[in-house]
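Spelled out, the chains give:
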Amino acid sequence: MAHVGRPFMDYKPPAAAPVWAVIEGLGRYHVLLAALELGVFEALADAGATADELAGRLDLPVGHTEALLDSVVALGLLDRVVDGFMLNDAARRYLLVDGAASMAGLIPVAPGPHENWTRLADTVRSGRPATPIDDDPAAFYVPLVEGTFTTMWRCATRADFRMRYSALAAPRILDLGAGGAPWSIAMLQACGDGRATINDLDGVIDVARRKTATHGVADRCEFRPGDFHAVAIEDGAYDIAVLGHVCRTEGPDGARHLVERAHAALRPEGRVVLADYFVGPNHKMTPHAVLMGMTMMASTVNGFGVTAEVASGWLRDAGFEAIRLIEPIGFQFAYVASKPRD
Ligand SMILES: C[S@@+](CC[C@H](N)C(=O)[O-])C[C@H]1O[C@@H](n2cnc3c(N)ncnc32)[C@H](O)[C@@H]1O
């Protein structure tokens with residue numbers, strides 16, 4: 001009877017922290033963008049600095065500079081000791097342009113065109129973004145694949161520990177929607193006698209031409225520009241087919257078609273690599289993948305989140321076996337599956 005007359009005495013309302021975290025999300029992202037755009041991380045790379053000194057180095061007003069630096073400290077991406085600001089390990093690794101795992105080029109482009117987020121309610125109402133990236137894919141994908149290259153190349157090199165592509169003799173690789181060709185480059189670097197057929201859209205494939213040249217493997221690549229749904233592909237010719245982050249923009253039918261094309265292109269016992277951010281099986285446990293699906297919905301005509309169940313179903317239905325999920329580096333997942341022996 002303790003609650004008679006005071007029924008809610010013991011009720012503690014939930015904290016507003018999750019709501020504040022969302023409100024601050026916009027500001028947090030723009031703080032990081034501004035710091036990158038102003039060259040804050042490179043300016044602190046050799047030696048820490050006070051706000052005064054950094055403002056001098058970058059020719060900025062001191063008060064605004066200090067406010068920005070303190071905000072980056074609040075994000076956990078710089079350290080402040082008394083008046084001195086300095087890079088921490090995360091900033092050195094991910095935010096320097098030539099950091100070991102640089103995401104500096106990825107951060108501005110990863111959410112897709114920023115203005116599409118401000119029109120999300122309209123996109124949900126109408127079922128289509130007003131200005132999808134499909135209208136001008138090269139304008140969006142060229143900076144995207146430049147920005148994602150380092151992360152995807154690291155992922156592709158580490159994938160060798162799980163799939164041992166380096167043990168293949170003279171493998172033939174097919175890379176559909178290759179972007180900067182991080183998977184082909186990693187595989188060709190590991191297999192001195194391998195060859196790759198690299199596909200992407202006309203306006204984007206020059207990124208692959210450039211990246212394969214700077215990584216010294218261009219002479220073992222054939223470039224095949226065009227729509228990956230229609231471009232000519234030899235049957236039964238390849239040891240590895242790569243579908244790297246291409247399925248989630250295609251809609252279920254388009255994605256199935258790409259998986260079927262990969263299957264047809266492989267020789268018996270050849271393997272497909274299907275990399276994406278897979279949702280589930282419990283959506284709550286994979287918020288990164290759920291939000292990546294939303295990024296697709298905000299900016300593409302057919303884009304959607306790919307669940308692990310659906311992706312493995314495409315592979316099974318196309319005829320693949322030995323389907324397994326690997327995580328070569330944190331947050332990067334790929335299904336690897338084999339075409340059965342004849
Ligand atoms: C998210 S990027 C992935 C790039 C690369 N595979 C990777 O894993 O880093 C998607 C790529 O698919 C390409 N793409 C999109 N639609 C395409 C189409 N219809 N035909 C060929 N390539 C396409 C884009 O130009 C872009 O390079």
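Residues numbered from 1 in each chain as written. Predicted model: local features only at pLDDT ≥ 70, side-chain atom pairs only at ≥ 80, totals over all residues. Heavy atoms only, no water.

## A look at the overall build of the protein chain
Right, so step 1: Summing up its helical and strand segments, the protein chain has 15 helices and eleven strands in all.
Right, so step 2: For the protein chain, the spread of C-alpha atoms along the principal axes amounts to about 70 × 65 × 40 Å.
Right, so step 3: Counting every position in the protein chain, which comprises 342 residues, the buried fraction comes to 47%.
Right, so step 4: Within the protein chain, contacts between residues separated by at least 24 positions form 66% of all contacts whose residues are at least 6 apart in sequence.
Right, so step 5: For the protein chain, the computed accessible surface area is about 17000 Å², with 58% contributed by carbon and sulfur atoms. (Helix = DSSP H or I, 4+ residues; strand = E, 2+ residues; numbered from the N terminus. Buried < 20%, exposed > 50% of the residue type's maximum accessible area, 1.4 Å probe, protein only. Contact = heavy atoms within 4.5 Å. Areas by Shrake-Rupley, 256 points an atom, 1.4 Å probe, with all protein chains shown as cover.)

## Some remarks on the site of the ligand
Right, so step 1: Around the ligand there are 18 residues in total, and Gly-177, Asp-200, Asp-227, Phe-228 and Gly-244 lie nearest to it.
Right, so step 2: Measuring from a nitrogen atom of the ligand, one finds a side-chain N or O atom of Asp-227 at 3.0 Å.
Right, so step 3: Between Phe-228 and the ligand, the recorded distance is 2.8 Å, taken from a backbone N or O atom to a nitrogen atom.
Right, so step 4: Elements that contribute at least two residues to the shell around the ligand include exactly helix 9 (137-158) and strand 4 (195-200).
Right, so step 5: The element that contributes the greatest number of residues to the shell around the ligand is helix 9, accounting for four residues.
Right, so step 6: A class-by-class count of the residues in the shell around the ligand yields ten nonpolar, six polar and two charged. (Near = heavy atom within 4 Å. Polar contact = N/O pair within 3.5 Å; in protein donor to acceptor, adjacent residues only side chain to side chain. Nonpolar A, V, L, I, M, F, W, Y, C, P; charged D, E, K, R; others polar.)

## Remarks on the layout of surface pockets
Right, so step 1: Of the pockets and cavities examined, the second largest pocket occupies roughly 170 Å³.
Right, so step 2: In this structure, the second largest pocket is lined by Gly-25, Arg-28, Tyr-29, Leu-32, Leu-75 and Leu-77.
Right, so step 3: Each residue belonging to the lining of the second largest pocket can be placed in one class, and the counts come to four nonpolar, one polar and one charged. (1 Å grid on protein atoms, 1.4 Å probe; cavity = no way out; pocket = protein on both sides within 12 Å on 5 of 7 lines; lining within 4 Å. Points joined across faces, edges and corners; volume = space filled by probe spheres on them.)

## Examining the packing of helix 3 (residues 51-58) against helix 4 (residues 62-74)
Right, so step 1: At a minimum axis distance of 9 Å, the contact between helix 3 and helix 4 shows a crossing angle of 110°. For the element pair helix 3 / helix 4, the angle class is roughly perpendicular. The handedness of the crossing between helix 3 and helix 4 comes out as right-handed. Contacts from Ala-51, Asp-52, Leu-54 and Ala-55 in helix 3 reach Val-62, Thr-65, Glu-66 and Leu-69 in helix 4.
Right, so step 2: For the contact of helix 3 with helix 4, the residue count by class is five nonpolar, one polar and two charged. (Axes fitted to C-alpha atoms, helices over the stretch in contact; angles between N-to-C directions. Parallel < 35°, antiparallel > 145°, perpendicular 65-115°, else oblique. Left-handed = near helix turned anticlockwise from the far one by under 90°.)

## Side note on the packing of aromatic side chains
Right, so step 1: One pass over the full model with this rule turns up two aromatic pairs.
Right, so step 2: Residues Phe-140 and Tyr-141 carry aromatic rings whose centres are separated by 5.3 Å and whose planes lie at 70° to one another, so their mutual orientation is edge-to-face.
Right, so step 3: For Tyr-141, a relative accessible area of 22% corresponds to the partly exposed category.
Right, so step 4: Here Phe-278 and Tyr-335 contribute two aromatic rings whose centre-to-centre distance is 4.9 Å and whose plane-to-plane angle is 65°, an arrangement assigned as edge-to-face. Of this pair, Phe-278 sits in strand 8 (residues 278-279) while Tyr-335 sits in strand 11 (residues 332-338), and the two are 57 residues apart along the sequence.
Right, so step 5: Taking the relative accessible area as the measure of exposure, Phe-278 reaches 7% and is therefore buried.
Right, so step 6: Cation over ring: Lys-211 sits above Phe-149, and NZ or CZ is 4.7 Å from the ring centre. (Phe/Tyr/Trp six-rings, centres within 6.5 Å; stacked < 30°, edge-to-face > 60°. Lys NZ or Arg CZ within 6 Å of the ring centre and 35° of its normal.)

## Re the pairing of strand 10 (residues 321-329)
Right, so step 1: Examined bridge by bridge, strand 10 and strand 11 share five bridges and lie antiparallel to one another. The residue bridging Ile-326 from the neighbouring strand is Ala-334, located in strand 11.
Right, so step 2: Here strand 10 hands over to strand 11 after two residues, with Phe-331 in that stretch at a positive phi of 75°. (Pairing = 2+ DSSP bridges.)

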